Every structure is written in C-alpha cells, then in structure tokens.
Amino acid sequence: METKTIKDSETSIKVTEKISGSEAIVRCLIEEEVKIIYGYPGGAIMPVYDELFKYQDKIHHVLTRHEQGATHSAQGFARISGKVGVAIATSGPGATNLITGIADAQIDSTPMVCITGQVPSHLLGSDAFQETDIVGISTPVTKWNCQVTKAADIPEALAKAFYIARSGRPGPVLVDITKDAQFEEFDFTYEKCTKVRSYNPIPKTDFSSLEAAAKLINTAKKPFIIWGQGIILSEAEDQLKALIEKAGIPAAWTILGASAIETSHPLNVGMLGMHGNYAPNVLTNECDVLIAIGMRFDDRVTGKLDEYATQAKVIHFEIDPAEIDKNVKTEVAVLGDAKASLEAILPLINENSHTEWHQKFKELYAIEYEKVIKNDLHPTKEGLTMGEVIKEINTQSKGNAAIVTDVGQHQMIACRYAEFNKTKSNITSGGLGTMGFGLPAAIGAKMAAPEREVVSISGDGGYQMTIQELGTIFQQKAAVKVVVLNNDFLGMVRQWQQLFFDNRYASTEMVNPNFVAIAEGYYIKARKVTKREELAEAIAEMMESKEAYFLEVCVEKEGNVFPMVPSGASVSEIRLE
Amino acid sequence: MNTKTRLYTISVYTENNIGLLNRISAIFQRRHINIESLNISPSEIEGVAKFSIVVYMTEVNIKKIIGQIEKQIEVIKAYYHSDENTIYQISGLFKIKSDLLFEEPQIQNIIKESNARIVTVNTNFFVIEKSGKKDEIVKLHEQLSVFGIMQYTRSGRVAITKDEMKISTLLESYNN
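Residues numbered from 1 in each chain as written. Chains lettered and ligands numbered in written order. Predicted model: local features only at pLDDT ≥ 70, side-chain atom pairs only at ≥ 80, totals over all residues.

Enquirer: Before we go on, may I ask you to explain the confidence of the model for chain B in this structure?
Expert: In this model, chain B carries an average pLDDT of 92, and 97% of its residues clear a pLDDT of 70 or more. Complex prediction metrics read pTM 0.95 and ipTM 0.91. (pLDDT = per-residue confidence, 0-100.)

Enquirer: What's the story with the sheet that holds strand E6 (residues 85-89) of chain A in this structure? I'm lost.
Expert: Hydrogen bonds between backbone atoms are what pair the strands of a sheet, whose relative direction is either parallel or antiparallel. All names here are of chain A. A sheet is described by the order of its strands in space; here six strands give the open sequence E5-E4-E6-E7-E9-E8, paired in parallel fashion. Two strands lie at the open edges of the sheet, namely strand E5 (60-63) and strand E8 (144-148), each paired on one side alone. Shown here is a sheet whose adjacent strand axes are inclined to one another by a mean of 20 degrees, direction ignored. Relative to strand E7 (residues 112-118), E6 is paired through five bridges, and the arrangement is parallel. (Pairing = 2+ DSSP bridges. Helix = DSSP H or I, 4+ residues; strand = E, 2+ residues; numbered from the N terminus. Axes fitted to C-alpha atoms, helices over the stretch in contact; angles between N-to-C directions.)

Enquirer: How should I be thinking about the domain arrangement of chain A in this particular structure?
Expert: Frequently, the measure chosen for interface size is the accessible area that the parts lose on association. Residue and element names in this part refer to chain A. Examined at the domain level, chain A breaks down into domain 1 (20-188), domain 2 (207-361) and domain 3 (386-558). Taken together, the contacts link 13 residues of domain 2 with 15 residues of domain 3. Residue classes in the side of domain 2 that touches domain 3 are distributed as six nonpolar, four polar and three charged. (Domains from an automatic or database assignment. Contact = placed C-beta atoms within 7 Å. Nonpolar A, V, L, I, M, F, W, Y, C, P; charged D, E, K, R; others polar.)

Enquirer: Which parts of the structure should I look at to understand unusual backbone geometry?
Expert: Backbone phi values are negative for most residues with the exception of glycine, while trans is the configuration of most peptide bonds. All names here are of chain A. Cis geometry is found at the peptide bond from phenylalanine 562 to proline 563, where omega equals 0 degrees. Tracing the sequence through the fold places proline 563 in the segment after strand E22 (549-554). In this structure, lysine 477 takes a positive phi of about 50 degrees despite not being glycine. Checked against the element boundaries, lysine 477 lands in the loop between helix H20 (470-476) and strand E20 (481-486). The phi angle at aspartate 488 is positive, at roughly 55 degrees, despite the residue not being glycine.

Enquirer: Explain the interface of chain A and chain B here, please?
Expert: Taken residue by residue, the interface counts 16 residues in chain A and 18 residues in chain B. A class-by-class count of the residues in the side of chain A that touches chain B yields eight nonpolar, four polar and four charged.

Enquirer: Where do I start with the packing of helix H16 (residues 386-397) of chain A against helix H17 (residues 409-417) of chain A in this structure?
Expert: Each pair of packed helices can be summarised by the angle the axes make with each other and by the distance between the axes. Residues and elements named next belong to chain A. Interaxial distance between H16 and H17 falls to 9 Å at its minimum, and their mutual angle equals 45 degrees. If you check the angle between H16 and H17, you find them oblique. At the point where H16 passes H17, the crossing takes the right-handed sense. Of the residues in H17, those touching H16 at Met386, Gly387, Ile390 and Lys391 are Gln409, His410, Ile413, Ala414 and Tyr417. Counted by class, the contact of H16 with H17 contains five nonpolar, three polar and one charged residues. (Parallel < 35°, antiparallel > 145°, perpendicular 65-115°, else oblique. Left-handed = near helix turned anticlockwise from the far one by under 90°.)

Right, here's the structure in full:
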C-alpha cells in the first residue's frame, strides 16, 4: 500500500490509503530512511513487530538480548554514522530498561528515537499489566517525549521526533504509543517535519560576537583551543583544523571530542580532564585566551571551578544557549552551529605560529612521557599494562579502527593512547559514565559502518553488565572485535580506594568466570593472553579475523591511571604519580 | 551579578501540552529549589499558555534555570523579573460561620477596611475574597483568625510585566 503523490503542473494531491497505526509506524521509519532498528518485542508492541515481519526487506530489526542493549546499539549506530539511532521496546519493564541508554544519549547529545508500546488507552492509569508511566519517567532524560493514543497522530509525532532528535543539539526522544492506536486504521500520509513553532534549534550567530572573538584570538599571546563533540556533531573537523593551523593555536579535546582531528597532528596536544594529558590541563591555567568550541565545561574537565582558567578570557562557541555561563563565565559567547561559526571567523583570524607557547606544551609532554607514558606503553616490569594493549591495537589497525569503550580505567587508557586517523572513531559513554555501554554500542557501530574495523574495549566489570549481547553478535554475525582488559577488579573504583580510602578495597575485587568459555558458548572465536610475548600475535589473529573475535588480556591487577586531577582539585594540581 | 537570594517571578510562555508542567518542574527539582507558587493560565496570545512561577533564588542561578527552561522544545520564551518590574496579585478566600457576621460586628469593619468583598452568604457560612499583595492577604488572615476561620486558601501569584514581552514577534520570527 503506497501513498502516491499525483503531481500536475500546479498542485500536488496526496492520495491516502487506510492502514493500521502499527503499519504507519513502520512506514514512518521507512520515510525517515531508517534501515536498522534495535529492540525487543513484548505484548504492547506486538502489532508493530507483526508489521516489521512484513517489511523485513526494508527494515532490519536487530533483536538485542536486553532493551538497554538496544539503546546502546542505537547510540553506537548514531555516533559512528551521524544518523538517528532507533530503539523499540514494549511497555512496562521493556520501556524502563531503555532509560539508562536514554539518559546516556541525553547527556552525550546523541540523536536517538525510542518507540515504546503502551497498554490500550482505556487502561491508562489503571495499573494495568505492564503499564508504566514511561512518559513521566523519561521526561527528565529526554529532549522531547510524547504519548500517542490515536493512530491519526502517529505520523506527526514520529516526524517531529526525528526532527527534534537530529536538529540543533541532538538528543534522545521517546514516543509512547498505546496498543489501540497501533490497531486503529486511518488515512496515512507522511510529511517530514522541518520546524516546530516553539523550537529554535540553531540560535542566530551575532556577527559582532565573531568580531569580538577574532579580536581576542588575534591579540592573544597564549591562546588555547579546547574542543568537544560539537565539532563532530556539526561536522566542523576541517574548519577546526583550518583555524588551528592558520592561527597556530595548540588544541586539546574532551573525551567526546576525540578523533575529530587526527592524533598525529602537531597542534593536537591531547586530552583534557581528570585523566587527560599533563600539558593541556596545566596550561589551561596559563593561557591568556581560552577558546572553547562545542564543549560544555563538564566538572571532569574543569576540576575545581574557582581555580579554572581564572587568568584567561574565555570564548565559547556553542549551539545551546543554556550552556553559556553555566559553569565558566565567558568573555565572548558565539552562539550557533560550530561549522558555520568557524567558517565565518576564519577570514577574520590572523596567521600566527605561537612557537614559544607551543614549546611549553612540548616540555610538559616530555615530563609526562618520562613519568607516565613510557611505563604505560613500554613497560619493563612483569605484568601487561592496558597501555601496551592499546599501543599494539594502534600499530596493527594503523589508527584506522573505531574504538568503542566502556567505562573505567581501560576507557581512560584507551582514550589517552588510541591513535585516530578518522573522525567519529571514538565511541564511549562520556557524561553518564555508563558501564555496560561498550559491547552493545560496538554492535551498533559495526552494523552502521560494516566497512570499518570496530574494536570494543571493555574492563571485566562493565563487560559483564551487558555480556548477554554476545548473543546479538552471534545471531547478527556482527564482526565486532571484543577485547576485555581483565584485572579482576573494578579498577577505577579500586584506584580511588587505594588513593583516597586507605586501600580499603570494598567490593571491588571480581571473581571472574571463564570468559573464553562464555564467548565460545556463543560460538565466537576466543583467546586469552597472559604474557607479553603472546600479545602482538594474538592481536594480529584478532584483526585478521573476518568474523567476531573475543580477546581477553590479563593485565596487571593493581595498575593505576595517571595523570590524575584528584576530585575537587584544580587542573593545575594534576598528579603524575 | 547579585548572588543574594531574593524573590523572583518567572514567566514562561509555552505551547499548551500535556506533560510540560512535569518537564518544567523537574528543572527546579533537580536543583532542589522549592517553588513558592505556581499559576498556569492562557496568555494574551491564543493557544499560548503562560506559567507564573515564584521562587527564591540568586540571580546567577535563575539565569541558568531560565536557559534550561527555554531549552524545552515546547517553551517559547522564559523571563525572570524582580517584584519592582511586575504588577502582581494573589487572591485569598476565607470561609467563616454566618453567625459571626452578626455576633462580631468588627468583622464587617475588617472587610470594609481591607477592601475585601463578600462572595456569598448563606445560613451556615459566608465567604470573603481578597485580592492584593501577599502581605495584605496574610494580614487579613491574621485579623480573621481571631474569630475562627472554617476554611482558608490562597492562590498563586499572577503577574504582568511592566516591559513589553514581544512573544508574538518572536513566534513570527520562528515561523519565518
């Protein structure tokens, strides 16, 4: 049943046909060019699954092993492709299981549309079987949400959902659809949403703010750029590079900004924040103009706010007006889309090199190399380090892999040491710090970009939070490379216990299962490495595999991640040991 | 900028949608801010609702709250005002035993002097209504308490700003 548009010279008349609400949901997805969705069936969403069965040649539904996995897969899909990820679940527990992923997408600005089934509208509010107020529950963690109780409202609600999810500062949207609305028949037409009256996704850029910013940048002696995911979301990688090269400004990134500019770029001075690089943290408190682009001054980046860059004039390029002055007071706020703003400011910027200033970064890097990096990447002691595993993956992937991480020590090490040649190559849970994110996100990323090598790196803790998604890998034949850096500890919490709680290791030691046997139970090729001599060869075997591959690397049990800005300390108080 | 806590009225112009109240109140809840009073009504523009929210906050924080309210998809615009910049009123209702109206002649004087009005009288009770500033309602409450009040309630603040709000212009600019 197709909706035909008859066009004559003057008018276009849409011919509609009666279809069910559930079929309309699937047709809306097709109209939005959705090809893959992640989900889990159940009572209140069954009519939609019945339609998905009919339309399986157009939309590939991926059955994850838990609804949380569906959201993280949709996130991984969105992060590597820049498109909207879609997750679908039933009412009640199906819907509540989506919440962690939705909250993660909200804080990390990931475009995602979640569709949930709901009990029939006459039962709403009656504590019906599998009824939960998912609109109420998801309100604080969604960019927008709504409940649909009539089939005729479905196309408009979904069109709006996709538009809101992807436009402006992206985010997750939830549409809850009652079962009677799924069964009801109505005249279907679909029109993409291009605006919502009360919503202004991209604030207008004031040219005078660009001029003021350019003036500050041109007169700065020690300018410093810090960029975030805004660069990737607005696809402003080339514009950012042009700016830093023209003005000769050292530039550092937040964890979600990683990979926007290749790691090897001479003006890329590394990662900001609690476990970021030494130079960018220390020199944040020495620069005279701090240029923040598409980042939101998270507390893990700023450390103690009262002592954060107080000497510097701050320029903030930002799409979300609510971020301006939220944490750090700005001198000049440039509202708008990062790509457009950077394009507009470039002609106003003078060429410069700031050689002496850049030299400072090099000097501090040398200190960090001696104290931290050398031992992480070229250890001489017994016991594998997480760093040397990442280094080996870099070497063998030539920096072309997409690295999907979970949360904890391995995440910090991976983000510190991974080499990225391509943008959208670092997929991780930044703001929410969701353990269990990595494995399902890697599945979504691999399915969105099958041509890319996708390496999932997890710790033994987070891996077991969504380990059941190995079933999804097996069923979907998703060629994800799964690395677990196993130290038999919840390593990051243990590190804090060691440093700040007098070595009291409360509930951080893990008695782990036979991970290789578990992977093999899902018919996934698996291997375990305990010795340095085996590492390179095992990673080679993994990288050469055309199918999914599981590699457990037993690393030193009590390794710590340094540098570290202790909680509540200033960024310049960063510790190297 | 003022970092002292003071009373502000927040005006929020919104689409009239189910769930928006939840979305807006959640922003205050997250920061552990108590809403002193809340009123939602139609506004001067057809189809546009207006929230009047009264809170004790610092100016630094209220600016952040305004940003987070405006960020909600169905919010058209949010403003904050100090008392000097608004004309505002609240209303109080007092239910009192009818006998007292005759037994205590003072009550009639209080009603007269406070510019309150009697809304209804029957054999059992009568109801007094008083609009004005909060202090005036509180004072009337104190005066009438002496005689015994059967029921008392006070509305949230409704406020109109001295400055022009330009919501229609804003809506037009969004539509173009």
